[in-house]
Amino acid sequence: MNFWESVRVAWRGLAANKLRSALTMLGIVIGVAAVVAMVGVGQGASRLVSSQIEGLGSNLILLTPMRFEGGRLYARDAEDLLQRVPTISAAVPSVTMRETTGWQSTTYETSVQGVTADLPAVRNYRVALGRFLVAQDVASRRKVAVLGQTVVKELCGGTAPLGREISIRGEPFTVVGVLASKGSSMGNDDDDVIFIPVSVAQRMKGTNEVEMIFLQAKSGDVAALAVGHLRAIFRAKFQREDAIQVTSQDEILSAVSTTTRTFTIMLGAIAGISLLVGGVGIMNIMLVSVTERTREIGIRKALGARSRDILAQFLIEAVVLSVTGGMVGIIIGEVGASLLSRLGGWSSGISLSTIAIAFIFSAGVGLFFGVFPANRAAGLAPIESLRHE
Amino acid sequence: MEGVSKSYYLGGTEVRALQDVALHVRAGEFLAVMGPSGSGKSTLLNIVGCLDGPSAGTYRLAGEEVAGLGGDMLARIRNRQLGFVFQTFNLLPRLNAVENVEVPLLYRGLPGRERRRLAEETLSLLGLGDRLRHFPTTLSGGEQQRVAIARAIVGQPAVLLADEPTGNLDSVRGKEIMDIFRDLNVKGMTVVTITHDAEVARYAHRTVRLRDGRLVDGRDDAGRLGQ
């Protein structure tokens, strides 16, 4: 008897007990759907987080002074590092404040960041209208501002007031440029920001230090090299390891993706348990089926079925059950994952490999839990099973 | 078959179903086995049908010793050399008439079209040409038994074994079935049937009687080998 004949015989066996087969299948459907949905959600979330980190900029390295460890950074450190570290192509000092801003009769509270001319390159901003800050703005402490899209919308009602004045903490600033929308990174709206010269921000905040320096490595390949170099410089300068925290984008990315991967595996494993339970359901039903059909097995054996024909019949029944359940489960899981993803605001992340694994796994479950009942069926003595009523 | 004994244990006590039975069935013979309930008739038929093995003694089918054969070989013998007809018909309830008849051919590995053709031919031969797609539950007892016979003979076996084939049928249907058996026998098939019914035994060339597991009134033509 060839394989497709066996599948046909198995299919008829299942069709004879539609409700029971469907309920048995349901266990596998739920299990597979849960695995597919959970892994899909996990992968989607991790992709979201990754894209958010990538949205920070390209080949970004962050310097953060640990003030309690005696770390201090100044605006001129940025220029200094640019000179000393050859693997770095840009360095931008930054001071951030939350300020109330005003335009005509509207007020709006937003993040005001003092930066320098290289910021768009480092943080992947694009200028939509006018210009960004230039070196002269910083050097001459000009009160000029570049607005993000959210500020334009919330403060200025959607039309960019290029060349006109807005107020930041009551001081007038001339709007010289508007940035193109960038979206969000690390959970922050990157468009909800006003950039002003770092020198002006320092004056307003009453400090000569900066809170952070953004550096850009020349390429992804040399980022690690640059990080090592920077750490060595700060170790020499402050005589201790942790005065300045040096974090590269890659490091954040790998740390976060390790977390999300663990998260995904955990979700998948929990869902996998339900798949296991579904498998036990298959075994249970197959055992009942073997007992019920003892006479059929006897008749088939009397007509010349070999043990392996009977084994194949029941094994294929189990696999057909689980694979059919698996396919339905994949579809439901996929739909579920995309719904959940929409709820969570990230793209659905089901990969082909998830589907393949779910499929293979459900077939495996059928095979594994089908072997015992099928073996029992194949091992029945023809004479006794014929006598069975 | 020589010196065949069969015993089994039922609730701890030994039941000797057959004791030292010697029987030769010739090719082309029509043999009836009679005897009261519990005389070992069915056990004898099961051994002849390779569904069960003897506890002692030897059984040769077409000159071949059966005892040493493995399960797959026995299945092959049942599939190709033997055809079974049971008292309770034993049709598979979820398959229709043609599909039931196809089962032995399925295990023989015949392609689907060939199976269907042979099954339909055989059923038509037995007057069931208009019942091909009927399921067993929609057929009368006589029709069911004819489907069962079609299933037994579709593979052109050498020997047809029947266990009380008319036991569940009225006398008219029973006569139809026995007429079919006689026709098959005339065409060369060896037929061995168990029966209670002396009417049925009249169709046979030869009748042997069993009592308490022993052959009595054998009138066996000893010395002549089986097929």
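Residues numbered from 1 in each chain as written. Chains lettered and ligands numbered in written order. Predicted model: local features only at pLDDT ≥ 70, side-chain atom pairs only at ≥ 80, totals over all residues.

**Student:** Tell me what's going on with the overall build of chain A, and back it up with residues and numbers.
**Tutor:** Within chain A, the secondary structure is distributed over 13 helices and 12 strands. Split into buried and exposed, the 389 residues of chain A put 45% on the buried side. Long-range contacts, defined here as pairs at least 24 residues apart, represent 83% of the contacts in chain A between residues at least 6 apart. (Helix = DSSP H or I, 4+ residues; strand = E, 2+ residues; numbered from the N terminus. Buried ≥ 20, exposed ≤ 12 C-beta atoms within 10 Å, placed from the backbone. Contact = placed C-beta atoms within 7 Å.)

**Student:** Talk me through the packing of helix α3 (residues 97-108) of chain B against helix α4 (residues 112-125) of chain B; I want residue IDs and the actual numbers.
**Tutor:** Residues and elements named next belong to chain B. Their axes nearest at 9 Å, the elements α3 and α4 cross at an angle of 125°. It follows from the interaxial angle that α3 and α4 lie oblique. The handedness of the crossing between α3 and α4 is right-handed. Only Arg115, Arg116, Leu118, Ala119, Glu120, Thr122 and Leu123 of α4 make contact with α3, whose side of the interface consists of Ala97, Val98, Val101, Glu102, Leu105 and Leu106. Here the residues of the contact of α3 with α4 are counted per class, giving eight nonpolar, one polar and four charged. (Axes fitted to C-alpha atoms, helices over the stretch in contact; angles between N-to-C directions. Parallel < 35°, antiparallel > 145°, perpendicular 65-115°, else oblique. Left-handed = near helix turned anticlockwise from the far one by under 90°. Nonpolar A, V, L, I, M, F, W, Y, C, P; charged D, E, K, R; others polar.)

**Student:** Quick rundown of α3(B)? Include the residues and the values.
**Tutor:** All names here are of chain B. With 11 of 12 residues buried, α3 lies mostly within the body of the structure. Residues of α3 that are buried include every one of Ala97, Val98, Glu99, Asn100, Val101, Glu102, Val103, Pro104, Leu105, Leu106 and Tyr107, and no others. With its phi angle positive at about 90°, Gly109 sits one or two positions after the end of α3.

**Student:** Could you give me a rundown of the confidence of the model for chain B, with the residues and numbers involved?
**Tutor:** Residues of chain B with pLDDT of at least 70 account for 89%, and the chain-wide mean is 82. The ipTM assigned to the predicted complex is 0.86, against a pTM of 0.69. (pLDDT = per-residue confidence, 0-100.)

**Student:** Before we move on, can you summarise the pairing of strand β9 (residues 190-195) of chain B with the specific residues and values?
**Tutor:** All names here are of chain B. Of all six residues that make up β9, six are buried, and the element is covered over most of its length. Neither face of β9 is open: one carries Thr190, Val192 and Ile194, the other Val191, Thr193 and Thr195, and all of them are buried. In the sheet, strand β3 (residues 30-34) pairs with β9 via five bridges, with the strands oriented parallel. Across the sheet, residue Phe30 finds its bridge partner in β9, namely Val191. Bridging between strand β8 (residues 159-163) and β9 involves five bridges; their strand directions are parallel. The residue bridging Leu160 from the neighbouring strand is Val191, located in β9. A crossover connection joins β8 to the parallel β9 through helix α6 (residues 171-186); in handedness this β-α-β unit is right-handed. (Pairing = 2+ DSSP bridges. Right-handed = clockwise from strand over helix to strand, strands pointing away.)

**Student:** Just give me the short version of the interface of chain A and chain B, but keep the residues and values in it.
**Tutor:** Contacts between the two partners involve 17 residues from chain A, matched on the other side by 19 residues from chain B. Listed by contribution, the elements that provide at least two residues to the side of chain A that touches chain B are α1 (3-15), α10 (294-302), α11 (307-344) and α13 (382-387) of chain A. Counting residues per element, the side of chain A that touches chain B draws most heavily on α10(A), at five residues. Residue composition of the side of chain A that touches chain B, by class: eight nonpolar, two polar and seven charged.

**Student:** Give me the lowdown on the packing of helix α5 (residues 141-153) of chain B against α6(B), citing residues and values where you can.
**Tutor:** Residues and elements named next belong to chain B. Interaxial distance between α5 and α6 falls to 9 Å at its minimum, and their mutual angle equals 20°. With respect to α6, the element α5 is oriented roughly parallel. Seen from above, α5 lies across α6 with right-handed handedness. Residues Gly141, Gly142, Gln145, Ile149 and Ile153 of α5 pack against Arg173, Glu176, Ile177, Ile180 and Leu184 of α6. When its residues are assigned to classes, the contact of α5 with α6 shows five nonpolar, three polar and two charged.

**Student:** Residues and numbers for the sheet that holds strand β10 (residues 206-211) of chain B, please.
**Tutor:** Remark on secondary structure: sheet strands pair via backbone hydrogen bonds, oriented parallel or antiparallel. Residue and element names in this part refer to chain B. Taken in spatial order, the six strands of this open sheet run β7-β8-β9-β3-β10-β11, and their pairing is mixed. Either end of the sheet is taken by a strand with one partner, and the two such strands are β7 (82-85) and β11 (214-216). On average, each strand axis in the sheet is inclined to that of its neighbour by 25°, with strand direction left out of account. The strands that α6 touches are β3, β8 and β9; relative to β9, the one it contacts most, it runs at about 155°.

**Student:** Go over the pairing of strand β3 (residues 106-115) of chain A with me, naming the residues and quoting the values.
**Tutor:** Residue and element names in this part refer to chain A. Judged from the nine bridges that link them, strand β2 (residues 88-103) and β3 form a sheet pairing that is antiparallel. In the sheet register, Thr96 faces β3, and the bridge partner there is Gln113. The turn linking β2 back onto β3 is made up of two residues, and Gln104 within it adopts a positive phi angle of 50°. One ladder, built from five bridges, connects β3 with strand β10 (residues 193-197); its direction is parallel.

**Student:** Can you tell me about the environment of Pro165(B), naming the residues and giving the values?
**Tutor:** All names here are of chain B. Structurally, the position occupied by Pro165 is in the loop between β8 and α6. With 28 C-beta atoms counted inside 10 Å, the residue Pro165 sits in the buried group. Separated by 35 residues in sequence, Pro165 and Val200 place their C-alpha atoms 9.4 Å apart. Each residue touching Pro165, except ones within four places of it in the same chain, is listed here: Val85, Gln87, Gln145, Ile177 and Thr193.

**Student:** Please give an account of the environment of Val159(B) that cites residues and values.
**Tutor:** Residues and elements named next belong to chain B. One can find Val159 in strand β8. Assessed through the 24 C-beta atoms surrounding it within 10 Å, Val159 is described here as buried. With 130 residues separating them along the chain, Val159 and Glu29 place their C-alpha atoms 9.4 Å apart. Setting aside residues no more than four positions away along its own chain, Val159 makes contact with Gln81, Leu82, Thr190 and Val192.

**Student:** For unusual backbone geometry, give the residues involved together with the corresponding values.
**Tutor:** Backbone geometry places Arg169(A), a non-glycine residue, at a positive phi of 50°. On the secondary structure map, Arg169(A) appears in the loop between β6 (165-168) and β7 (171-179). At Cys50(B), a residue that is not glycine, the phi angle is positive and equals roughly 60°. Residue classification places Cys50(B) among the buried residues on the basis of 22 C-beta atoms within 10 Å.

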